[in-house]
Amino acid sequence: MSRVLVIEDDETTAREIIAELSAHGMLAEWVANGRDGLTRALQGGYDLITLDRMLPGMDGIDVVAELRRAGSDAPVLMISALSDVDERVRGLRAGGDDYLTKPFAPDEMSARAEVLLRRRQPQSVQRLRVADLELDLVSHVAYRGGQPLTLLPTEYRLLEFLMRNSGQVLTRTMIFETVWGFHFDPGTNVIDVHIARLRRKIDGTGQPALIHTVRGTGYMISAANETAPVVS
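Rules and cut-offs
- Residues numbered from 1 in each chain as written.
- Predicted model: local features only at pLDDT ≥ 70, side-chain atom pairs only at ≥ 80, totals over all residues.
- Heavy atoms only, no water.
- Helix = DSSP H or I, 4+ residues; strand = E, 2+ residues; numbered from the N terminus.
- Contact = heavy atoms within 4.5 Å.
- Core = buried A, V, L, I, M, F, W, Y, C linked by side-chain atoms within 4.5 Å.
- Buried < 20%, exposed > 50% of the residue type's maximum accessible area, 1.4 Å probe, protein only.
- Polar contact = N/O pair within 3.5 Å; in protein donor to acceptor, adjacent residues only side chain to side chain.
- UniProt positions renumbered as here; feature names shortened; annotations may be inferred.
- Phe/Tyr/Trp six-rings, centres within 6.5 Å; stacked < 30°, edge-to-face > 60°.
- Lys NZ or Arg CZ within 6 Å of the ring centre and 35° of its normal.
- Expected span 1.5 Å × (residues − 1).
- Salt bridge = Lys/Arg side-chain N within 4 Å of Asp/Glu carboxyl O.
- Pairing = 2+ DSSP bridges.
- Axes fitted to C-alpha atoms, helices over the stretch in contact; angles between N-to-C directions.
- Arc of directions from axis to C-beta.

Student: Hey, could you run me through the side chain of Glu108 in this one?
Tutor: With respect to the helices and strands, Glu108 occurs in helix α5 (residues 106-120). Sequence-distant contacts of Glu108, defined by excluding residues within four places in its chain, comprise Leu100, Thr171, Thr173 and Met174.

Here it is in structure tokens:
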């Protein structure tokens, strides 16, 4: 069971985070101020830290910076009501691994936590597989039913992110920030365009569809026998 340290001064928000993480099989502990949070985090043993940006005692930026200076490599999901790009950049450059703005959907928060935990696992695998779809991480070639697929660089990065998180719903924001590397613009359709291109290459050959749209949320890739939310 993954141990998560929740550093959050608002009790209601902290309880929501803990309830959502617990529902996904994680053991969460709560600290209500920055200085105590840093002390607890430096004691080690945590697989993930969720860190509020504005905290009493010690600011979240200072907390994550001190953690990195002390050699801690625990993934840090920063959570903040400060949503402008400059603040997000400050948090990430200080040592945060991801940045989620308030108010947030609890299921997106837990999904980001799961992605960070998965990223922490050893990456010795050289091929990803979902049903008869394979992605060779060394040669950067995808195969469906043994037949090679021609992918553009962005399509490859998008497929890799989906396959590394097979069976998990990924929001448009998560996809955009990971694949394109900058802040998501809700008005853009670039994700939908690239998903459509991937589908034509992967699911357009008569095989069972692997890429699914989760209405109102985002996308997921899964084999036909995997359970999934309401999709189209």
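Student: Sorry if this is basic, but what is going on with the nonpolar core here?
Tutor: Grouped burial of nonpolar side chains is what soluble globular proteins tend to show. Residues Leu159, Ile175 and Ile221 are the most contacted members of the largest nonpolar core, which totals 32 residues. Contributions of two or more residues to this core are made by α5, β6 (127-130), β7 (133-136), α6 (153-164), α7 (172-179), α8 (190-202) and β12 (218-221). Sort the elements by how many residues they give to this core and α6 lands first, with six residues. Once residues within four sequence positions are removed from consideration, Leu159 is found in contact with Leu133, Leu135, Ala142, Leu151, Leu198, Ile202 and Ile221. Core analysis: the second largest hydrophobic core is formed by 19 residues, Tyr46, Leu67, Val76 and Tyr99 among them.

Student: For this particular structure, what's the right way to read the environment of Arg3?
Tutor: Mapped onto the fold, Arg3 is located in strand β1 (residues 3-7). Separated by 18 residues in sequence, Arg3 and Leu21 place their C-alpha atoms 9.8 Å apart. Dropping the residues within four chain positions of it, Arg3 is found in contact with Leu27, Glu29, Gly44, Gly45, Tyr46, Asp47 and Leu48. At a separation of 3.5 Å, a polar atom in the side chain of Arg3 contacts the side chain of Tyr46.

Student: Just to check I follow, could you spell out the UniProt feature "domain: Response regulatory" (unreviewed entry) in the protein chain for this structure?
Tutor: In the numbering used here, UniProt assigns the "domain: Response regulatory" (unreviewed entry) feature to residues 3-117. Summarising residues 3-117: 47% helix, 21% strand, and an end-to-end C-alpha distance of 10 Å.

Student: Just checking my understanding: could you explain the packing of aromatic side chains for this structure?
Tutor: The description of an aromatic ring pair uses the distance of the two centres, along with the angle that the planes make with each other. Counting across every chain of the model gives one aromatic pair. In this arrangement the basic side chain of Arg3 is found over the ring face of Tyr46, its NZ or CZ atom lying 4.4 Å from the centre.

Student: Sorry if this is basic, but what is going on with α6 here?
Tutor: Compared with the 16 Å implied by 1.5 Å per residue over 12 residues, the 16 Å span of α6 between its first and last C-alpha is a close match. Along α6, nine of the 12 residues are buried, which leaves the element largely enclosed by surrounding structure. Listing the buried residues of α6 in full gives Thr154, Glu155, Tyr156, Leu158, Leu159, Glu160, Phe161, Leu162 and Met163.

Student: Would you take a moment to explain the pattern of salt bridges for this structure?
Tutor: Opposite charge on two side chains permits them to pair, given that their charged atoms come into close proximity. For the structure on display, the rule yields 22 salt bridges. The partner of Asp98 in a salt bridge is Arg112, and the shortest N-O contact between them spans 2.8 Å. Residue Asp98 is found in strand β5 (residues 98-101), and its partner Arg112 is found in helix α5; the two are separated by 14 residues along the sequence. Residue Asp98 shares its accessibility class with Arg112, and that shared class is buried.

Student: What am I meant to see in the sheet that holds strand β4 (residues 76-80) here?
Tutor: Sheet strands pair by backbone hydrogen bonding; their relative direction is either parallel or antiparallel. In space, the five strands of this open sheet follow the order β2-β1-β3-β4-β5, with parallel pairing throughout. Each end of this open sheet is capped by a strand with a single partner; those strands are β2 (27-31) and β5. If you compare each strand with its neighbour and ignore which way they point, the axes differ by 20° on average. Bridge count between β1 and strand β3 (residues 48-52): four bridges; the pairing is parallel.

Student: Sorry if this is basic, but what is going on with α8 here?
Tutor: Structural remark: α-helix, 3.6 residues per turn; residues separated by three or four positions point the same way. The terminal C-alpha atoms of α8 lie 18 Å apart, and with 13 residues this matches the ideal 18 Å at 1.5 Å per residue to within 8%. Those residues of α8 lying buried are Val190, Ile191, His194, Ile195, Leu198 and Ile202. The buried residues of α8 all sit within an arc of 125° when viewed along its axis, so they share a single face.

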